[in-house]
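Notes for the structure review
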Amino acid sequence: MDLKYIGHSAFEFKTGDKSILVDPYVEHNEKFNWHDKNITDIFVTHAHGDHLGQAIEIAKEKDATITAIFELANYCEEQGCKVKPVGFGGWLNYDWGRVVFVPAFHTSSLPDGRYAGEAAGIVFDIENVRIYHAGDTALTTEMKTIKELYRPNIALLPIGGNYTMDVEHAAVAADWIGAQTVIPMHYNTFPEIQADLQKFMALIQVNNSNCVILNPENID
Ligand code: NI
Ligand code: MN
């Protein structure tokens, strides 16, 4: 399994010859060329534009399936995509692994203003690696449940503040989740979500986690 940070909250997980995208807001990263990838599945944590991103365009071109919370999935279907509408709880099986949607403490509305269901985080099991993508969320005691139930190896956590956890709360989240590796996301993309990475790393080290920072510039 190969994990790549595309930028903001967008990630690519490669397994075998398949690519799985999460929150594919990819247009800001010129080096990410999705046209020549074998993208089979796209996951969207919630409907905000910086997470839905280019999901619809990519899903249509690649004939990929968008998995999302019921209301958001229905919207994607209206736009002409193949979808898998889901709710929180219960493992969802794919030919490359399995996934469970978990609560996030955030809002979710469609581009036209309609309610898009609950905002989610997503736990992925791919090739014996368990990854928790927190989506957009505030610090919430649900994260203690993430540790108790899922014990993820890797936690992808928003740190930019304003709309989500800031570095201080994200460091607490990392401790509560108990992941060995934490990858910060959702920062420095917009003026209101500037984050001090050095401070985040210092706070993380207090709790003895690793803090891996993936730079979108490194994407091949
Ligand atoms: Ni959001
Ligand atoms: Mn966001």
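Everything that follows concerns the structure shown earlier in this document.
Scope of this entry: the structure provided in the associated data block.

1. Here's the deal with the sheet that holds strand 6 (residues 82-86)
Backbone-to-backbone hydrogen bonds join strands into a sheet, with any given pair of strands oriented parallel or antiparallel. What the six strands build is an open sheet, ordered 1-2-3-4-5-6; its pairing is mixed. Two strands close off the open sheet at either side, each with one partner strand: strand 1 (2-7) and strand 6. On average, each strand axis in the sheet is inclined to that of its neighbour by 20 degrees, with strand direction left out of account. Here strand 4 (residues 39-43) runs beside strand 5 (residues 65-69); their pairing, made up of three bridges, is parallel. If you follow Ile 42 over to strand 5, its bridge partner there is Ile 66. Along the sheet, helix 2 (residues 55-62) contacts strand 3 (18-22), strand 4 and strand 5; its crossing angle with strand 4, the most-contacted strand, is approximately 155 degrees.

2. Quick notes on the pattern of salt bridges
Using the criterion set out here, one finds eight salt bridges in the structure. With a closest N to O distance of 3.1 Å, Lys 199 and Glu 168 form a salt bridge. In this pair, Lys 199 sits in helix 6 (residues 197-206) while Glu 168 sits in helix 5 (residues 167-177), placing the two residues 31 residues apart along the sequence. Look at Lys 199 and you get partly exposed, because its relative accessible area is 35%.

3. Looking at the packing of aromatic side chains
Here a ring pair, both rings aromatic, is described through the centre-centre distance and the interplanar angle of the planes. All chains considered together, the criterion is met by eight aromatic pairs. Judged by centre distance (6.5 Å) and plane angle (45 degrees), the rings of Tyr 25 and Phe 190 are tilted. Of this pair, Tyr 25 sits in the loop between strand 3 and strand 4 while Phe 190 is found in the loop between strand 12 (181-185) and helix 6, placing the two residues 165 residues apart along the sequence. Of the residues examined, Tyr 25 reaches a relative accessible area of 14% and is grouped as buried. Both rings, one in Tyr 94 and one in Trp 96, keep their centres 4.8 Å apart while their planes meet at 20 degrees; by these two values the pair is stacked. Accessibility assignment for this pair places Tyr 94 and Trp 96 in one class, buried. A connected cluster of aromatic rings, assembled from ring pairs, spans Phe 13, Phe 43, Tyr 94, Trp 96 and Phe 124. Between Arg 98 and the ring centre of Trp 91, over which it is positioned, the NZ or CZ distance is 3.8 Å.

4. Structural notes on the coordination of the manganese ion (ligand 2)
The protein atoms that coordinate the manganese ion (ligand 2) are Asp 50 (OD), His 51 (NE2), Asp 136 (OD) and His 186 (NE2), at distances spanning 2.1 to 2.2 Å. Between the donor residues of the manganese ion (ligand 2), the gaps in sequence give the motif D-H-x84-D-x49-H. Taken as a pair, the manganese ion (ligand 2) and the nickel ion (ligand 1) lie 3.2 Å from each other and share Asp 136 as a ligand. Residue Asp 50 is located in helix 1 (residues 49-52), and its partner Asp 136 is located in the loop between strand 10 (129-133) and helix 4 (142-150); the two are separated by 86 residues in the primary sequence. As far as the burial class goes, Asp 50 and Asp 136 line up, both buried.

5. Brief notes about the nonpolar core
By size, the foremost hydrophobic cluster in this structure holds 50 residues, and its most contacted members are Phe 13, Phe 43, Phe 124, Tyr 132 and Leu 157. Here this core gets six residues from one element, more than from any other, and that element is helix 5. Contacts of Phe 124, omitting those with residues within four sequence positions, involve Phe 13, Val 22, Phe 43, Trp 96, Arg 98, Val 99, Val 129, Arg 130, Ile 131 and His 133. Ile 6, Leu 21, Ile 66 and Ala 68 belong to the second-largest nonpolar core, a separate cluster that totals 26 residues.

6. Considering the packing of helix 5 against helix 6
Running from amino to carboxyl end, helix 5 crosses helix 6 at an angle of 30 degrees, the nearest separation of the two axes being 9 Å. Judged by the angle between their axes, helix 5 and helix 6 are roughly parallel. Taken as a pair, helix 5 and helix 6 cross one another with a handedness that is right-handed. Contacts between helix 5 and helix 6 involve Val 167, Glu 168, Ala 170, Ala 171 and Ala 174 from the former and Lys 199, Phe 200, Leu 203 and Ile 204 from the latter. Looking at the contact of helix 5 with helix 6 residue by residue, the classes come out as seven nonpolar, no polar and two charged.

Rules used in this analysis
Residues numbered from 1 in each chain as written. Chains lettered and ligands numbered in written order. Predicted model: local features only at pLDDT ≥ 70, side-chain atom pairs only at ≥ 80, totals over all residues. Heavy atoms only, no water. Pairing = 2+ DSSP bridges. Helix = DSSP H or I, 4+ residues; strand = E, 2+ residues; numbered from the N terminus. Axes fitted to C-alpha atoms, helices over the stretch in contact; angles between N-to-C directions. Contact = heavy atoms within 4.5 Å. Salt bridge = Lys/Arg side-chain N within 4 Å of Asp/Glu carboxyl O. Buried < 20%, exposed > 50% of the residue type's maximum accessible area, 1.4 Å probe, protein only. Phe/Tyr/Trp six-rings, centres within 6.5 Å; stacked < 30°, edge-to-face > 60°. Lys NZ or Arg CZ within 6 Å of the ring centre and 35° of its normal. Donors = N, O, S within 2.8 Å, 3.2 Å for Na, K, Ca; no water. Core = buried A, V, L, I, M, F, W, Y, C linked by side-chain atoms within 4.5 Å. Parallel < 35°, antiparallel > 145°, perpendicular 65-115°, else oblique. Left-handed = near helix turned anticlockwise from the far one by under 90°. Nonpolar A, V, L, I, M, F, W, Y, C, P; charged D, E, K, R; others polar.

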